[in-house]
Amino acid sequence: MGKVAINIATGSLQTEEIIVGIDLGTTNSLIAIVRNDTRQPLALRETDGLTLVPSIVHFDEYGNTVVGTQAREMLLTDPARTIYSVKRLMGKSYKDVKDHAGFFAYNVIDDDTDSLVKIQIGDKFYSPIELSSCILRELKARAEHILKTTITKAVITVPAYFNDAQRQATRDAGRLAGLDVLRIINEPTAASLAYGIGAGSNEESTIAVYDLGGGTFDISILSISNGIFEVLSTNGDTYLGGDDMDRLLAEHWANVHNADNTNKLLMQQLRVTAEEAKKHLTTNAQFETEVAGMKLQIDRADFEKLILPLVARTITACANALSDAGLTTPQIDAVVMVGGSTRVPLVKESVKQFFGKEVYDKLNPDEVVALGAAVQADILAGKNTEMLLLDVTPLSLGIETMGGLMDVLIPRNSKIPNKASRQYTTQKDGQSGMRISVYQGERDLVKDNRKLAEFNLTGIPAMPAGLPKVEVTFLIDADGILRVSATELRSGVVQTIDVKPQYGLTDEEVENMLLDSLTHAKEDIGVRALVEATTEAQQMLDTTEKFLSKYADAITDDEVQATRTQIEVLNNAIAARDKDKIQLETEKLNEISRPYAERVMEGALKDAMRGKKIL
Ligand code: ADP
Ligand code: MG
């Protein structure tokens, strides 16, 4: 039975739920929907008239938060508790960000490890996911206030270059904010959807999306065919944007007036004024004001001189992206302008000149990504029948590997059709068959996932363990049918099976499986580490046993004794399921056996050499 919702504001029945589109930006975030009456995407506007919410969170000493414009005002007065640019930290470890640690005025915890970064505010620690969820919660509340209905479903955009960890972190932030994230889509894809490019089912085109925001620059080359967007290449600079223009102008003014450029408060005042000037110069030739007794002025020509090197860097990146995609400018069918900084006339002109064509700039460049996310949301809601649904796999698909681990070949949310292959090998000498078990789900152990199919690849010719090359290929066709095949490459033995992965799973079941994977994520990481350590230990034990029996003559009694003792210690560690101890004892066994193993191998090598005729 379906659910019926009542809109409290209007008292009317609301039979369909609104799915919103969200641009979770580095500098600004916003939310958009497709209007039911006009069928046009629209950025939601609060009573203050603004669509953009600065992506800034301020924490007071009790842990209460404010988000947006109000938080931005605290940047200067309370820097240690005012978090900006958190998007840069999503899915990152400290090692990933340490080169830019100076960029953050707040405390990014430096534990110099591969674990994910945390931000310290007062005596509390927050993950980037939690901080992003504060922004999303604010956006959700805004939308609910404006639309007078609860919002629970969203499409969120991310940069095309975001990896799985960063996408997952974004998804988790949504979940934490009480949003069911139906899909994560690429920002350039969203921008082209907002313009309706590539929406027709038989359309084929190649487009460039030029995105210059507050602190980042991205250029993406996309190929669109039959409604499927493929990223051909991305390029850019994660530390280049409109903020740099403001900084250049502020420094210029400080120079002109011989002002103290180490005075933080003054420089910040100049930067704020510089941003104002930059925006003014977009539509005017001249800017003039007075700050701290200084007469600040600039005309467009001088401003352009200041920012020219910066704009030139973006054009170089465009050229690199094109050459990476193996394309030249005439092969680009459309150029889409994204990001507030593309309003700067010099930027627009330079891009037009480089690509040799007019650009798409009719939509607000700082809203276009959210508008496109709303279009995607509308398609998912099934309300837009004109456009093609970009189909993706709802859950990851993979096979069982040693120790019952799930090895994913096609991750969830991959586009359909799709193909992926990976090579595996045998564990035992002379192993003639291999069982291929196909699973669907997000958990690390196959026993927690859903088994779809199983078959045996038989007739592998006798070879030592590790020598056969079994290539497993997953192929999903346009109808969502998965074909799994396994081939032993040295002998050519093949086995194939067809499965229909989505069959029998309701949306709710898919949701539950995802939820499950989230709640068990930590536990799964622990289990995976244990299984991997155990598998490695077992292999070490196998090899050692083999060695002891095969080369008994070459090993001393003491060595055998020490090895036997250590084998027992390691077996006990395995039985105790203690990952650290297993690793430690495996290493010890390795140390004990290494001297005689090397001796034996050296001898074998000499024997082999002796057998060879030297001409
Ligand atoms: P992000 O994608 O990084 O969140 P936005 O797309 O919202 O950022 O772009 C923010 C940048 O756009 C800021 O540097 C801002 O100063 C700049 N910007 C906004 N409006 C204008 C304008 N009229 N002229 C020039 N720059 C602008
Ligand atoms: Mg942006």
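Residues numbered from 1 in each chain as written. Chains lettered and ligands numbered in written order. Predicted model: local features only at pLDDT ≥ 70, side-chain atom pairs only at ≥ 80, totals over all residues. Heavy atoms only, no water.

**Describing the packing of aromatic side chains**
Line of reasoning, step 1. Counted by the stated rule, this structure contains 13 aromatic pairs.
Line of reasoning, step 2. Geometrically, the ring pair formed by Tyr84 and Phe103 is edge-to-face, given 6.0 Å between the ring centres and 65° between the ring planes. Linking Tyr84 in the loop between strand E9 (82–83) and helix H3 (94–97) with Phe103 in the loop between H3 and strand E10 (107–108), this pair joins segments that are 19 residues apart in sequence.
Line of reasoning, step 3. Judged by centre distance (6.0 Å) and plane angle (70°), the rings of Tyr161 and Phe162 are edge-to-face.
Line of reasoning, step 4. Judged by relative accessible area, which is 37%, Tyr161 ranks as partly exposed.
Line of reasoning, step 5. An aromatic cluster of at least three residues, connected via ring pairs, comprises Tyr84, Phe103, Phe104, Tyr106 and Tyr239.
Line of reasoning, step 6. Above the plane of the ring of Phe103 lies Arg88, whose end atom (NZ or CZ) is 4.5 Å from the centre.
Line of reasoning, step 7. Above the face of the Tyr239 ring, Arg88 is positioned so that its terminal group lies 4.2 Å from the ring centre. (Phe/Tyr/Trp six-rings, centres within 6.5 Å; stacked < 30°, edge-to-face > 60°. Helix = DSSP H or I, 4+ residues; strand = E, 2+ residues; numbered from the N terminus. Buried < 20%, exposed > 50% of the residue type's maximum accessible area, 1.4 Å probe, protein only. Lys NZ or Arg CZ within 6 Å of the ring centre and 35° of its normal.)

**Focus on the sheet that holds strand E21 (residues 397–401)**
Line of reasoning, step 1. Taking strand neighbours across the sheet as the criterion, the four strands line up as E22-E21-E24-E25 in an open arrangement whose pairing is antiparallel. Both edges of this open sheet fall to strand E22 (405–410) and strand E25 (450–457), since each of them pairs with a single strand only. The average angle at which neighbouring strand axes cross in this sheet is 30°, direction not considered.
Line of reasoning, step 2. Both strand E24 (residues 434–440) and E25 contribute to a ladder of seven bridges, which runs antiparallel. Bridged to Ile436 within E25 is Phe455. (Pairing = 2+ DSSP bridges. Axes fitted to C-alpha atoms, helices over the stretch in contact; angles between N-to-C directions.)

**Brief notes about the environment of Ile129**
Line of reasoning, step 1. Take Ile129: it is sitting in helix H4 (residues 128–147).
Line of reasoning, step 2. When the C-alpha atoms of Ile129 and Lys87 are compared, they prove to be 9.0 Å apart, with 42 residues separating the residues in sequence.
Line of reasoning, step 3. When sequence neighbours within four positions are dropped, the list of residues in contact with Ile129 reads Met90, Ala169, Asp172, Ala173 and Leu176. (Contact = heavy atoms within 4.5 Å.)

**Concerning the pairing of E21**
Line of reasoning, step 1. Alignment of E21 against E22, held across five bridges, turns out to be antiparallel. Within E22, the residue paired with Gly398 across the bridge is Val408.
Line of reasoning, step 2. A loop of three residues connects E21 with E22, the two strands running antiparallel in sequence, and Gly403 in this loop sits at a positive phi of about 75°.
Line of reasoning, step 3. As judged from the three bridges shared by E21 and E24, these two strands associate in the antiparallel manner. Bridge pairing links Gly398 to Tyr439 in E24.

**A closer look at helix H8 (residues 264–283)**
Line of reasoning, step 1. The end-to-end C-alpha distance of H8, which contains 20 residues, comes to 30 Å, matching closely the 28 Å that a straight helix rising 1.5 Å per residue would cover.
Line of reasoning, step 2. Backbone nitrogen of Leu265 and a side-chain oxygen of the N-cap are separated by 3.1 Å at the start of H8; the cap is Asn263. (Expected span 1.5 Å × (residues − 1). Polar contact = N/O pair within 3.5 Å; in protein donor to acceptor, adjacent residues only side chain to side chain.)

**Section: the environment of Val494**
Line of reasoning, step 1. On the secondary structure map, Val494 appears in strand E28 (residues 493–499).
Line of reasoning, step 2. Classification of Val494 as partly exposed rests on a relative accessible area of 49%.
Line of reasoning, step 3. Dropping the residues within four chain positions of it, Val494 is found in contact with Leu457, Ala486 and Thr487.

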